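Structural description and commentary
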Amino acid sequence: MAEAIDLGRVPVRNGPYYCSPRCGGGKFCRHEWYEAAKRNAEALASRMGEGWEAEVWENLGWHYRVQKGCVTIYVNEYKKLGFDPEVGYPVRSYSAWIQPGIVVSNTVIQIIESAGTPEDALGFAVQAARTAMSRMGEALAALHEVADG
């Protein structure tokens, strides 16, 4: 059986606006901003390489990110600097989120790093993950010494 579509979440074009009834963004959800977000999302996915998938979503405006496996790169924009129909909003920074699906005592393990380029954000996040894994390994070794002690 097909999943029901929630029409309250389906964007509707009304002149220059493109907004779903549940968003309520109205003037924040212009069609040209949606188109720019789609273009920029695809360009970022292509820039990051094979296997990266673009996603555009609406939440009081149009936003985009790319994802590959347990890594998501979010784009942080300067909304106050104005919109250029050809390129969208200027990018302030990128945030790379690594969420490997590990839950410890009801806490989701995640690593978030930001930088001026998506490549740097991803590199910083990977380095932070490696550091966290190394520290966890050291802590486990110390626990073994206590348990075997």
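Treat the numbers as computed from the prediction; the structure is a model and nothing was measured.

Observations concerning the pattern of salt bridges
- All told, the structure shown has six salt bridges when counted by the stated rule.
- When the shortest N-O distance is used, the salt bridge between Asp6 and Arg22 registers 2.4 Å. One end of the pair, Asp6, is in the segment before β1 (12-14); the other, Arg22, is in the loop between β2 (17-19) and α1 (31-48), with 16 residues separating them in the sequence.
- Between Glu119 and Arg47 there is a salt bridge, and its shortest N-O distance comes to 2.8 Å. Taken as a pair, Glu119 in helix α2 (residues 118-148) and Arg47 in helix α1 lie far apart in primary sequence, 72 residues in all.
- Taking relative accessible area as the criterion, Glu119 reaches 36% and is therefore assigned partly exposed.
- When its relative accessible area of 44% is taken as the criterion, Arg47 is described as partly exposed.
- Through salt bridges with shared partners, one network takes in Asp6, Arg9 and Arg22.

Focus: the packing of α1 against α2
- α2 packs onto α1 with a crossing angle of 55° between their chain directions and a minimal axis gap of 10 Å. Between α1 and α2, the angle falls in the class oblique. Two packed elements cross with a definite hand, and for α1 against α2 that hand is right-handed. In this structure, α1 uses Leu44, Arg47 and Met48 to contact α2, whose residues at the interface are Pro118, Glu119 and Leu122.

Calculation criteria
- Residues numbered from 1 in each chain as written.
- Predicted model: local features only at pLDDT ≥ 70, side-chain atom pairs only at ≥ 80, totals over all residues.
- Heavy atoms only, no water.
- Salt bridge = Lys/Arg side-chain N within 4 Å of Asp/Glu carboxyl O.
- Helix = DSSP H or I, 4+ residues; strand = E, 2+ residues; numbered from the N terminus.
- Buried < 20%, exposed > 50% of the residue type's maximum accessible area, 1.4 Å probe, protein only.
- Axes fitted to C-alpha atoms, helices over the stretch in contact; angles between N-to-C directions.
- Parallel < 35°, antiparallel > 145°, perpendicular 65-115°, else oblique.
- Left-handed = near helix turned anticlockwise from the far one by under 90°.
- Contact = heavy atoms within 4.5 Å.

So, to be careful, I would describe these as geometric facts and stop short of saying anything about function.
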